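# Topology and contacts: notes
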Amino acid sequence: QVQLVESGGGLVQAGGSLRLSCAASGRTFVSSTMGWFRQAPGKEREFVAGHTWSGSITYYADSVKGRFTISRDNAKNTVYLQMNSLKAEDTAVYYCAATTVLRIGARREEEFDYWGQGTQVTVAS
């Protein structure tokens, strides 16, 4: 029973910060690539950030580079997305995802095998 559970979403003012958490359980993720995606109203789901559990390789969408940081806590089996300098266009449902096997640089949703339920982030301006 693999589960990815997101938390930490909410309402924040433009320019503010928010940290999302993704608690992973049900399997080992040491060989996985973890990802954050988001889906805004009327838009397709898009890649935000990626992280390989082994090797700690990180990569980001151009739209969030320099503002968002993906990281992990091995002891808690949790992946985080620290979001700074938030903009109104960051408003979306944010999803945590994981691959079954290591996929370095994975950005397409089809490359990810497990998904969380999503958490709403609303940035007011």
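Look up a bit, the structure's there.
Predicted model, so just to flag it, every value in this text is computed and none were measured. (Residues numbered from 1 in each chain as written. Predicted model: local features only at pLDDT ≥ 70, side-chain atom pairs only at ≥ 80, totals over all residues. Heavy atoms only, no water.)

### Quick notes on the side chain of Thr 33
Convention followed: Here a helix means four or more residues in a row that DSSP labels H or I, a strand means two or more in a row labelled E, and each is numbered from the N terminus. Two N or O atoms form a polar contact when they lie within 3.5 Å of each other; inside protein one atom must be a possible hydrogen donor and the other a possible acceptor, and for residues adjacent in sequence the pair counts only when both atoms belong to side chains. In this analysis, two residues are considered to be in contact whenever any of their non-hydrogen atoms come within 4.5 Å of each other.
Assignment of secondary structure puts Thr 33 in strand β4 (residues 33-39). Here Arg 103 takes part through its backbone oxygen, which lies 2.9 Å from a polar atom of the side chain of Thr 33. Apart from residues lying up to four places away in sequence, Thr 33 is in contact with His 51, Thr 52, Tyr 59, Ala 97, Ala 98, Thr 99, Val 101, Leu 102, Arg 103, Ile 104 and Phe 112.

### Considerations on the pattern of salt bridges
Operational definition: When a carboxyl oxygen of Asp or Glu is within 4 Å of a side-chain nitrogen of Lys or Arg, the pair counts as a salt bridge. Classification of residues uses two cut-offs on accessible area relative to the type maximum, computed with a 1.4 Å probe and protein chains only: under 20% is buried, over 50% is exposed, and between them is partly exposed.
Under the defined criterion, the tally for this structure stands at six salt bridges. A salt bridge links Asp 90 to Arg 38, with the nearest nitrogen and oxygen atoms 2.9 Å apart. With a gap of 52 residues between them, Asp 90 in the loop between β8 (78-83) and β9 (92-98) and Arg 38 in strand β4 connect regions that are remote in the sequence. Both residues of the pair, Asp 90 and Arg 38, belong to the buried class. Salt-bridge contacts for Asp 62 lead to Lys 65; the nearest nitrogen and oxygen are separated by 3.2 Å. When salt bridges that share partners are traced, they join Arg 38, Glu 46, Arg 67 and Asp 90 into one network.

### A closer look at the sheet that holds β8
Let me state the cut-off plainly: Strands are labelled as partners when DSSP assigns at least two bridges between them. Fitted lines through C-alpha atoms give the axes, limited to the stretch in contact for helices. The angle between two N-to-C directions lies from 0 to 180 degrees.
Strand order in the open sheet made by the four strands is β1-β3-β8-β7, with antiparallel pairing throughout. In this open sheet, the two edge strands, each paired with only one partner strand, are β1 (3-7) and β7 (68-73). Strand-to-strand twist across the sheet, computed as the mean angle between neighbouring axes with direction ignored, equals 20°.

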